[in-house]
Amino acid sequence: MWDEKYSAPNYIYGTKPNEFLTQNFNLLPKGKILCLAEGEGRNAVFLAKQGYSVTAVDGSAVGLQKARKWAEENQVSIEFIHADLADYELGEAKWDGIVSIFCHLPVNIRRALHQKVVTSLKQDGVMLLEAYTPDQLNYKTGGPTTADMTMNTVQLTEELNGLQFTLIQEIERDVVEGTHHTGTGAVIQVIAKKP
Ligand SMILES: C[S@@+](CC[C@H](N)C(=O)[O-])C[C@H]1O[C@@H](n2cnc3c(N)ncnc32)[C@H](O)[C@@H]1O
């Protein structure tokens with residue numbers, strides 16, 4: 001499904017980084033950042049340009065091909081990994097930051113992934129996450145078409161148990177990021193640190 005979507009000639013989520021990330025990236029400690037479900041590379045390239053050492057993982061080979069091209073055009077070096085997040089090993093105390101932007105997975109896969117996020121962050125490592133909540137189904141401006149692929153405060157508080165939340169909020173905001181996120185959306189935003 002994702003390879004087909006990414007076969008469009010344009011960058012379907014745009015080449016500009018996600019707004020929540022641009023507002024908060026400076027909370028990520030300098031060092032190794034893992035971008036989950038990075039797709040066409042807009043966020044990874046942005047972070048690499050800020051001086052971070054970036055690894056980007058995604059399940060779509062076509063998306064990653066576009067991401068590599070975007071990185072080349074921007075003359076930044078990024079480690080791209082083609083993997084299924086259902087069985088991707090994130091390691092232990094490995095990352096200074098983990099970035100998860102619109103990473104919508106089946107709930108059992110997401111829960112397991114989030115446990116790995118907690119384990120794989122270094123002490124003082126930071127997770128930044130933005131994703132659609134179940135309310136997004138009312139807006140039809142992008143994102144999952146079923147509620148089970150969305151997430152809310154109760155779920156993320158539980159799934160990311162072990163992190164200290166600086167911010168966990170559900171808000172409505174204009175998400176105009178490429179041709180596939182196109183207007184008012186219902187999102188959850190998380191900033192959390194490993195103590
Ligand atoms: C909505 S896009 C977000 C892309 C990127 N984070 C952005 O904001 O531009 C969701 C991404 O999740 C990836 N994805 C979905 N299921 C996956 C899985 N099981 N393993 C790895 N990547 C997956 C897709 O390939 C797609 O790139």
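The following paragraphs examine the structure supplied in this document. (Residues numbered from 1 in each chain as written. Predicted model: local features only at pLDDT ≥ 70, side-chain atom pairs only at ≥ 80, totals over all residues. Heavy atoms only, no water.)

By nearness alone, 17 residues border the ligand, and Tyr6, Ala37, Arg42, Asp58 and Ile101 come closest of all. Backbone polar atom of Ala37 to a nitrogen atom of the ligand: 2.7 Å apart, as the coordinates give it. Measuring from a nitrogen atom of the ligand, one finds a backbone N or O atom of Leu85 at 2.8 Å. Within the complex, the protein chains bury 92% of what would otherwise be the 590 Å² of accessible surface of the ligand. Structurally, the ligand is housed in the largest pocket. Looking at the shell around the ligand residue by residue, the class counts come to nine nonpolar, four polar and four charged. (Near = heavy atom within 4 Å. Polar contact = N/O pair within 3.5 Å; in protein donor to acceptor, adjacent residues only side chain to side chain. Areas by Shrake-Rupley, 256 points an atom, 1.4 Å probe, with all protein chains shown as cover. 1 Å grid on protein atoms, 1.4 Å probe; cavity = no way out; pocket = protein on both sides within 12 Å on 5 of 7 lines; lining within 4 Å. Sits in = over half its atoms within 2 Å of the grid points. Nonpolar A, V, L, I, M, F, W, Y, C, P; charged D, E, K, R; others polar.)

Further remarks concern the sheet that holds strand E3 (residues 79-82). Spatial ordering of the open sheet is given by E3-E2-E1-E4-E5-E7-E6, a layout of seven strands whose pairing is mixed. Of all strands in the sheet, those with a lone pairing partner are E3 and strand E6 (164-177), marking the two edges. The mean inter-strand angle of the sheet, taken between neighbouring strand axes irrespective of direction, is 15°. On top of the sheet, helix H4 (residues 61-73) reaches strand E2 (53-58) and E3; it is set at about 175° to E3, its chief contact. Here helix H5 (residues 107-120) sits on the sheet in contact with strand E1 (32-36), strand E4 (95-101) and strand E5 (121-132), set at roughly 150° to E5. (Pairing = 2+ DSSP bridges. Helix = DSSP H or I, 4+ residues; strand = E, 2+ residues; numbered from the N terminus. Axes fitted to C-alpha atoms, helices over the stretch in contact; angles between N-to-C directions. Contact = heavy atoms within 4.5 Å.)

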